[in-house]
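Residue-level listing of the chains:
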Amino acid sequence: MTAEPVTAAEVRPEEPVAYAVREAVRHDDRDACFAVRREVFVEEQGVPQEIEYDTYDETAVHVLAIRADGVPLGTGRLLFGADAVGKTGADPSVGSLGRLAVSKAARGLGVGAALVRAIEDAARERGLAAVDLHAQTQALGFYERLGYAAYGPEFPDAGMPHRAMRRVL
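Anyway, here's the lowdown on the structure attached to this text.

**Looking at the overall build of the protein chain**
Argument step 1. A tally of helices and strands in the protein chain yields 6 helices and 7 strands.
Argument step 2. Taken over C-alpha atoms, the radius of gyration comes to 15 Å for the protein chain, in line with the 15 Å a tight globule of 169 residues would show.
Argument step 3. Taking the principal axes of the C-alpha coordinates as reference, the protein chain spans close to 45 × 30 × 30 Å.
Argument step 4. Buried positions account for 44% of the 169 residues belonging to the protein chain.
Argument step 5. Restricting the contact set of the protein chain to residue pairs at least 6 apart, pairs at least 24 apart contribute 67%.
Argument step 6. When the accessible surface of the protein chain is split by element, carbon and sulfur atoms take 53% of a total near 8300 Å².

**With respect to the nonpolar core**
Argument step 1. Residues Leu97, Tyr143 and Tyr148 are the most contacted members of the largest nonpolar core, which totals 28 residues.
Argument step 2. At the level of secondary structure, the elements contributing two or more residues to this core comprise strand S2 (61–67), strand S3 (72–79), strand S4 (94–102), helix H5 (111–125), strand S5 (130–136) and helix H6 (140–145).
Argument step 3. Top contributing element to this core by residue count: H5, with 7 residues.
Argument step 4. Not counting chain neighbours up to four residues away, the residues in contact with Tyr143 comprise Leu97, Leu100, Val116, Leu133, Ala135, Tyr148 and Met165.
Argument step 5. The next biggest cluster of nonpolar side chains, apart from the first, holds 6 residues, and it includes Val36, Val47, Ala101 and Met160.

**Describing H5**
Argument step 1. Here H5 spans 21 Å end to end across 15 residues, near enough to the 21 Å set by a 1.5 Å rise per residue.
Argument step 2. Regarding H5, the residues found buried are Val111, Gly112, Leu115, Val116, Ala118, Ile119, Glu120, Ala122 and Ala123.
Argument step 3. At the exit of H5 stands Gly127, carrying a positive phi of roughly 80°.

**So, the sheet that holds S3**
Argument step 1. Strand order in the open sheet formed by 7 strands is S1-S2-S3-S4-S5-S7-S6, and the pairing between neighbours is mixed. Across the chains shown, the open sheet's two edge strands, defined by having one partner strand only, are strand S1 (19–23) and strand S6 (149–157). When the angles between neighbouring strand axes are averaged without regard to direction, this sheet yields 25°.
Argument step 2. Sheet topology places S3 next to S4; 5 bridges connect them, and they run antiparallel. Opposite Leu78, over in S4, you have Leu97 as the bridge partner.

**A word on the pattern of salt bridges**
Two side chains that carry opposite charge are able to pair once their charged atoms sit near each other.
Argument step 1. All chains considered together, the criterion is met by 18 salt bridges.
Argument step 2. For Arg77, the salt bridge is made with Asp57, and the minimal N-O distance between the two is 2.6 Å. Linking Arg77 in strand S3 with Asp57 in the loop between helix H3 (49–52) and S2, this pair joins segments that are 20 residues apart in sequence.
Argument step 3. For Arg77, a relative accessible area of 2% translates into the label buried.
Argument step 4. When the shortest N-O distance is used, the salt bridge between Asp69 and Arg67 registers 2.6 Å.
Argument step 5. Owing to a relative accessible area of 51%, Asp69 belongs among the exposed residues under this scheme.

Cut-offs and rules
- Residues numbered from 1 in each chain as written.
- Predicted model: local features only at pLDDT ≥ 70, side-chain atom pairs only at ≥ 80, totals over all residues.
- Heavy atoms only, no water.
- Helix = DSSP H or I, 4+ residues; strand = E, 2+ residues; numbered from the N terminus.
- Rg over C-alpha atoms; globule rule 2.2 N^0.38 Å.
- Buried < 20%, exposed > 50% of the residue type's maximum accessible area, 1.4 Å probe, protein only.
- Contact = heavy atoms within 4.5 Å.
- Areas by Shrake-Rupley, 256 points an atom, 1.4 Å probe, with all protein chains shown as cover.
- Core = buried A, V, L, I, M, F, W, Y, C linked by side-chain atoms within 4.5 Å.
- Expected span 1.5 Å × (residues − 1).
- Pairing = 2+ DSSP bridges.
- Axes fitted to C-alpha atoms, helices over the stretch in contact; angles between N-to-C directions.
- Salt bridge = Lys/Arg side-chain N within 4 Å of Asp/Glu carboxyl O.

So this is what it looks like as structure tokens:
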């Protein structure tokens with residue numbers, strides 16, 4: 001399944017949107033995750049495609065928010081173990097949440113928060129004590145409302161200002 005970009009008319013009906021969040025384990029699930037990331041990061045935010053996808057994609061836990069009819073709405077990933085150490089201050093008990101993306105048309109539906117909670121659940125299942133992330137500064141409030149606290153100085157990533165944040169599970 002190759003996911004096509006979602007339009008506002010497809011996602012914003014008169015009734016609430018029914019969707020599920022699950023780990024992306026099938027090949028078509030991964031394709032859907034990558035399609036949402038392409039839409040949000042590459043097309044919307046101008047992140048170069050060659051830095052959006054990396055070797056961590058092979059070993060990360062990917063989560064996918066998908067509408068009842070199969071339209072992908074959002075995605076995110078969890079790095080853990082050796083893959084996360086460079087992003088979490090070398091603490092093996094901390095996972096790294098990243099690549100959180102919600103289709104523009106699906107924003108405001110609670111998809112982002114549901115994805116974060118699913119990633120935290122995946123971290124708990126793997127015995128992690130906390131989750132770190134690198135938030136675009138414009139998204140700090142979103143993560144703060146979910147219990148994350150910023151630490152350290154602002155830094156650039158993909159040409160955009162970011163801050164490190166952590167939530168103890």
